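# Residue-level structure breakdown
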Amino acid sequence: MMTDEIQLIDESGIRLDGRRADELRPIKIEAGVLKNADGSAYIEWGKNKILAAVYGPREVHPRHLMNPSRAIVQCKYNMAAFSVGDRKRPGYDRRSVEISKVISDAMEHVVFTERFPRTTIDVFIEVIQANAGTRCAGLTVASVALADAGIPMRDLVPSCAAGKIDNQVVLDLFKDEDNYGEADLPIAYVPRTGKILLLQMDGHMTYDEFDKALDMLVSACEEIYTIQRDALRRKYSEDASEKLLAEIQNSNLASIEQPSILEGSTDIPPEDSTIITDNRKGGGFND
Amino acid sequence: MENTEEKVNDDNDFSEEQQEGKPREIVLPGDLLDEGTLKSGMGTYREGKKIFSAHVGIKSVRSNYINVISLSGRYIPKSGDTVIGVVIDLTPTSWILDINSPYSSPLHSSEVPWKIDFGETSRYLDIGDVVLTRVLSVDEIKRIQVTMRGPGLRKLNGGQLIKISASKVPRVIGKNGSMISLIKKYTNCHMFVGQNGRIWIEGTFDDIKLATKAIDIIEQAAHVSGLTSLTEEFLKNQKGMNNL
């Protein structure tokens, strides 16, 4: 088998990408990257690049999914055709349906769904570039996007995977380790309450290995949790405010287009009607 | 006409916070706010004796309640709110309004200032018409009723409708309507601000453009302190430039 030929971790415990066994890939999160969504976030987790957008609470379609006593959370995980080395056939497949479901279930546990009866909260997770661990990265970024959308929630949800390569337990597998390793264990863990909202396992581990992986994951999730919080704080930080003010002071009306937030109007005066029509074409309309 | 233009609602959540002169504290979901001494208010939740934040927002303590004022989010109707609705459907006895929330709302023919015969609803309001209404009631499953009976409530003819995030409406209005009257003063526009984040503006083309930009600034910089003077400066500059 291929596994025998490839050495994923060397004698001194350094992995193919230079990390130690308990080291995460570098993670960067930015909150509020999309204007048209109610909330959004973008994550770079090693070579993974994922965008999350939240819409809602809003009306449920199709109507039979509506719950009269609470909101439903519908996550949609999708990989772009160009996100992997070989072209990924676009659209739903068994894998994306499963991931969407487990992420939705995890999110429903932290969102105060009972505050918005008869509605849906839609979360779109778009994988732009994949390098293993996208469900964890997707869940991590989706929870930042939900917070950015102003949806009441108990906590942010950090998520991470551990696995087994060359008979050693390691944290946060990247693509080659995932492909040629022996096991993969993604979890979502809320540090404050100690609750696990997602746990899946692919492959085999002994009880001891599982415990060791879980220990690693708990401290990794704590680390990811601070990164998530920093992302949200940064959006409202002093620096961001100052930058915003500088922009406003430099802006002048001549450069400003007709209101882009124009939603609709009644009894348009004839001399203005052409401009408004153009604006509609330009995509000023939402919903 | 002149007399009917009003600030529609006063909500001073942001402004009061500003008055205290303290830097605003931004909290995140899951942040521990208090243990046992205060009561859990808006935007918070309780687990045992501990109170946590449920939003990304600004922490504020008022009369023993701890609140978190959310910085974003859709409009969720409250009884008594003044909202700007758009007619999206008709029935023989009512109109269905889109009030920019997850829930659409019926406006019954008995809740308008006119006498409506059965099936004659379209003679008074048709699809696409904009009305200023007040939320009458919201029940536990968020069924909503609105009314047009009340001072200042009416059909809005002409003008333009813009949309902002509902959580930023208090800033656009300002303390006791200070911000909105500032914009009106410098732009000579008639304006109505609905709690649902819809703003109706009537005036000349350039005035509407200026007012829209001013509101855009307020929306973007809603969490920054000293916003009123900033907006005034902006409006003054723009007015000065236009007069040259």
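Residues numbered from 1 in each chain as written. Chains lettered and ligands numbered in written order. Predicted model: local features only at pLDDT ≥ 70, side-chain atom pairs only at ≥ 80, totals over all residues. Heavy atoms only, no water.

### What to know about the pattern of salt bridges
Evaluation of the coordinates by the stated rule reveals 28 salt bridges over all chains. Two residues, Asp 216 of chain B and Lys 213 of chain B, come together in a salt bridge whose shortest N-O distance is 3.8 Å. Of this pair, Asp 216 of chain B and Lys 213 of chain B are both found in helix α4 (residues 205-220), 3 residues apart, which corresponds to roughly one turn of the helix. For the pair shown, Asp 216 of chain B and Lys 213 of chain B are each scored as buried. One continuous salt-bridge network, built from bridges that share partners, spans Arg 15, Asp 17, Arg 19, Arg 25, Asp 172 and Glu 177 of chain A. (Salt bridge = Lys/Arg side-chain N within 4 Å of Asp/Glu carboxyl O. Helix = DSSP H or I, 4+ residues; strand = E, 2+ residues; numbered from the N terminus. Buried < 20%, exposed > 50% of the residue type's maximum accessible area, 1.4 Å probe, protein only.)

### What about the domain arrangement of chain B?
Where the parts come together, the accessible area they lose is often given as the size of the interface. In terms of domain boundaries, chain B breaks down into domain 1 (16-70), domain 2 (82-155) and domain 3 (160-242). When each unit is reduced to the centre of its C-alpha atoms, the spacing between domain 1 of chain B and domain 2 of chain B is 35 Å. (Domains from an automatic or database assignment.)

### Considering the interface of chain B and chain A
On the side of chain A, 52 residues touch chain B, which itself brings 52 residues to the contact. Summed over both partners, the interface of chain B with chain A comes to about 4,600 Å²; 58% of that surface belongs to carbon and sulfur atoms. Inspection of the region where chain B meets chain A yields 4 salt bridges. Between Arg 74 of chain B and Asp 38 of chain A there is a salt bridge, and its shortest N-O distance comes to 2.8 Å. Our enumeration of links across chain B and chain A arrives at 16 residue pairs in polar contact (both at pLDDT 80 or more). Of all the secondary-structure elements, those providing two or more residues to the side of chain B that touches chain A are β4 (44-47), β5 (50-53), β14 (160-163), α4 and α5 (227-243) of chain B. For the side of chain B that touches chain A, the element with the highest residue contribution is α4 of chain B, accounting for 7 residues. Taken together, the residues of the side of chain B that touches chain A break down into 24 nonpolar, 17 polar and 11 charged. (Contact = heavy atoms within 4.5 Å. Buried area = accessible area lost by both parts, 1.4 Å probe. Polar contact = N/O pair within 3.5 Å; in protein donor to acceptor, adjacent residues only side chain to side chain. Nonpolar A, V, L, I, M, F, W, Y, C, P; charged D, E, K, R; others polar.)

### Notes on the sheet that holds strand β3 (residues 48-59) of chain A
Residue and element names in this part refer to chain A. Taken together, the 5 strands give an open sheet; going across it, the order is β1-β2-β3-β5-β4, and neighbouring strands pair in mixed fashion. Two strands close off the open sheet at either side, each with one partner strand: β1 (27-31) and β4 (72-79). The average undirected angle you get between the axes of adjacent strands in this sheet is 15°. Pairing analysis gives 8 bridges linking β4 to strand β5 (residues 119-129), with the strands arranged parallel. Note that in β5 the partner of Cys 75 across the bridge is Val 123. Seen against the sheet, helix α3 (residues 134-148) touches β1, β2 (39-45), β3, β4 and β5 and runs at an angle of roughly 150° to β2. (Pairing = 2+ DSSP bridges. Axes fitted to C-alpha atoms, helices over the stretch in contact; angles between N-to-C directions.)

### What to know about the side chain of Asp 31 of chain B
Checked against the element boundaries, Asp 31 of chain B lands in the loop between β1 (26-27) and β2 (32-35). A polar contact of 2.5 Å, which involves the side chain of Asp 31 of chain B, links it to the side chain of Arg 229 of chain A. If we ignore the near neighbours within four places in the chain, the residues touching Asp 31 of chain B are Arg 229 and Arg 233 of chain A together with Ile 51, Phe 52 and Ser 53 of chain B.

### Some details on the pairing of β1 of chain A
All names here are of chain A. Of the two faces of β1, only one is covered, namely that formed by Ile 27, Ile 29 and Ala 31; the face formed by Lys 28 and Glu 30 stays uncovered. Sheet topology note: the β1/β2 ladder contains 5 bridges and is antiparallel. Of the residues in β2, the one forming a bridge with Glu 30 is Tyr 42.

### Points about the nonpolar core
Judged by nonpolar contacts, the single largest core of 93 residues is most densely connected at Met 107, Leu 146 and Cys 160 of chain A. Tallying contributions element by element places helix α5 (residues 207-235) of chain A first for this core, with 10 residues. Sequence-distant contacts of Met 107 of chain A, defined by excluding residues within four places in its chain, comprise Val 73, Cys 75, Leu 139, Ala 142, Ser 143 and Leu 146 of chain A. Counting 31 residues, the second-largest nonpolar core is a separate cluster that includes Leu 245 of chain A together with Val 193, Leu 210 and Leu 235 of chain B. (Core = buried A, V, L, I, M, F, W, Y, C linked by side-chain atoms within 4.5 Å.)

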